[in-house]
Each structure stands twice: as C-alpha cells, then as structure tokens.
Amino acid sequence: MKKKVQLILGSGGARGIAHIPIIEGLLKDEVEISKVIGCSMGAVIGGIYAAGHLEEYKKWLLSLTRNEVFDLMDFTLTKEGFIKGDKIFNKHREMTGDLLIEEFKIPFTAVAVDIISGEEVYFSKGDLYDALRASVAIPGFIIPHKTEQHVLIDGGVTNPLPLNLATKEDHSIVVGVDLSGPSDKNLELKKENKEDKKPLPHWFEQIIPSYLQNEEDSAEEDRETLSLLRLIETTFTLSQTKVNELTIAHYPPDILIRFPRKMTQTLDFFRANEIYTLGKQAYELNRKTILEKL
C-alpha cells in the first residue's frame, strides 16, 4: 500500500508562501496528503488548500504589489498592536465564501495560543477564517483575536512547527516544513537595490511614527541600530527558531524541508513570486528523498 503524507506547515510570515510549491510538488507526484496541520502562515496556506481553493489564492497572492500589500493592512494604533487583521481575511472570504473546517475533505488543524492561560488552542472545526485570524495574530503586529472563551495570538509563540500533532499511522509519513531554519544561501532572496525600493504610501507614513518605520542604512544584517518593527520581528523569529529545534529533536518527522529564517522578512508578501520560486527549488532538492520514503 502506498503511503500517505501528513503535512505539517510551519509559521514564518511571508516565508509561508513557499508552502504552496511544496504542496503542488507533492500533488504533481501523485502523493496523497491525508492531513494538514499548520501554524500562522502555515495554517493559512494549509487551510486554504484543504478547503480546495489553493489555485485561485495562489494567483491572487502572486499578483500583489508592494502598495496592494499595504492596502490590505488595516492599520490602527492601539496598545494591543497596529494591524487589526480583519481586512485581509475579508478579502479571503470574498474569494472563497464562508468555509467550515469540518466540511473539508482533508482533515485540517490550525494552532493558536490563549495569551491569558498560555494554553494552545487547536481549530479542527468551525469557521476557517476565524481560526486563521487567531493563528496569525503576531504579538506586537496584529491585535489578538478575541472569542467568548479566549484571547488568541499567533500559535508560533509556543508551537511554530506543530509536529507533536501528527499521529502515528502505519501507512503515512510525516513531512514537516520549517520556515525558521539555518542559513542557506541557495534559499535566500537577494537584497533589494535601493533604487528598486518604492516609498511607503503617504497615508502609512502619517499613521505609523517614523521611529517605527526606519532603521540605519547598512548592508549588514546585524546592524547595531534597528527599527522597533525589525526588533520585534527578529526577536519573534529567533524564538521560533529555538523552539523549532527542540520540537524537531523531540518529534522528528520522516522528512524535514527547511527554509532559512533569513530568507525574507515577515511582511514581504510583495515578493511572493521570488519566495514561490525558492519553494519550488526546495521541493526539487527534497523530491527524491520524499519519493523514496513513500
């Protein structure tokens, strides 16, 4: 009997676009994906795939420009964060309509965390976009998602690569996709040239104070002066990297596909085509091993 794949998709913001060609590669090789478990952007890609809408979502995502990405961010200045996070998922609903997880043909689970109790919350039923909104609520960026029972934030805080949720099954293998891996020059985006960088939309400059936006010009990644946004992002990503290392050691998957945490920044969704291309390269690098395991 040919084995099936349980697909575990990790957290990583815009790097999560690389999940799409991993899924496409498996399907092209006629690999049956029996279960999808995702955190943050891994939940977004995994959930939309499990719902049967990955192709139209991909086309839309790959078409986004820098300004369109900013237009999808409903900025607000509150003590809980500066992005509401509702506008982007309203756009998703326009594309797909309302979706209930329990109606998917492929079992799906999204991971979030209750900031009050510290307990992880797993969404395997209910409204898909409520689950995704909770799973992507990056602390400091996107305000928490509140329900009657919980105040929910990004599952990546405690479980950015939820390998522990995979189940032992005789006829399946576990494929984990880590977006916070070690450096790999073959899987990192080229730095943008200064002349290629477009200025932020004027309304964004008015809403977000300059000390949040800017950092000293430098070619070095480890520059001494960081903007507050970059500081929050880097701290969160470093934490995820450490948690992932421990998770992988404790719950080793049959196949582990890794993308470097420095591949691109969390909000670089306007570089979707470049990230997608790197995802295709990564699948090809791992394809032989995957097919041998099956």
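Now for a quick tour of the structure. Computed from a prediction, not measured in an experiment: that's the story for all the values here.

**As for the overall build of the protein**
Right, on to step 1. Helix and strand counts for the protein come out as 10 helices and 10 strands.
Right, on to step 2. Across the 294 residues that make up the protein, the buried fraction comes to 53%.
Right, on to step 3. Across the protein, contacts joining residues at least 24 apart in sequence account for 75% of those joining residues at least 6 apart.
Right, on to step 4. As displayed, the protein has an accessible area near 14,600 Å², and 50% of this comes from carbon and sulfur atoms.

**Description of helix α2 (residues 41-50)**
Right, on to step 1. For α2, a buried count of 10 out of 10 residues is recorded, marking the element as mostly surrounded by other parts of the structure.
Right, on to step 2. Positive phi shows up at glycine 52, right after α2, with a value of about 90°.

**Structural notes on the environment of glycine 81**
Right, on to step 1. Considering the arrangement of structural elements, one finds glycine 81 in strand β4 (residues 81-83).
Right, on to step 2. Separated by 62 residues in the primary sequence, glycine 81 and isoleucine 143 have C-alpha atoms spaced 4.7 Å apart.
Right, on to step 3. Every residue in contact with glycine 81, bar those within four places of it in the chain, is listed here: Thr76, Gly140, Phe141 and Ile143.

**Quick look at the environment of glycine 47**
Right, on to step 1. Relative to the elements of secondary structure, glycine 47 occurs in helix α2.
Right, on to step 2. Note on glycine 47: relative accessible area 0%, which makes it buried.
Right, on to step 3. C-alpha of glycine 47 to C-alpha of isoleucine 101: the two residues are 54 residues apart in sequence and 8.0 Å apart in space.
Right, on to step 4. Setting aside residues up to four positions removed in sequence, glycine 47 forms contacts with Phe104, Phe108 and Leu128.

Criteria and cut-off values
- Residues numbered from 1 in each chain as written.
- Predicted model: local features only at pLDDT ≥ 70, side-chain atom pairs only at ≥ 80, totals over all residues.
- Heavy atoms only, no water.
- Helix = DSSP H or I, 4+ residues; strand = E, 2+ residues; numbered from the N terminus.
- Buried < 20%, exposed > 50% of the residue type's maximum accessible area, 1.4 Å probe, protein only.
- Contact = heavy atoms within 4.5 Å.
- Areas by Shrake-Rupley, 256 points an atom, 1.4 Å probe, with all protein chains shown as cover.

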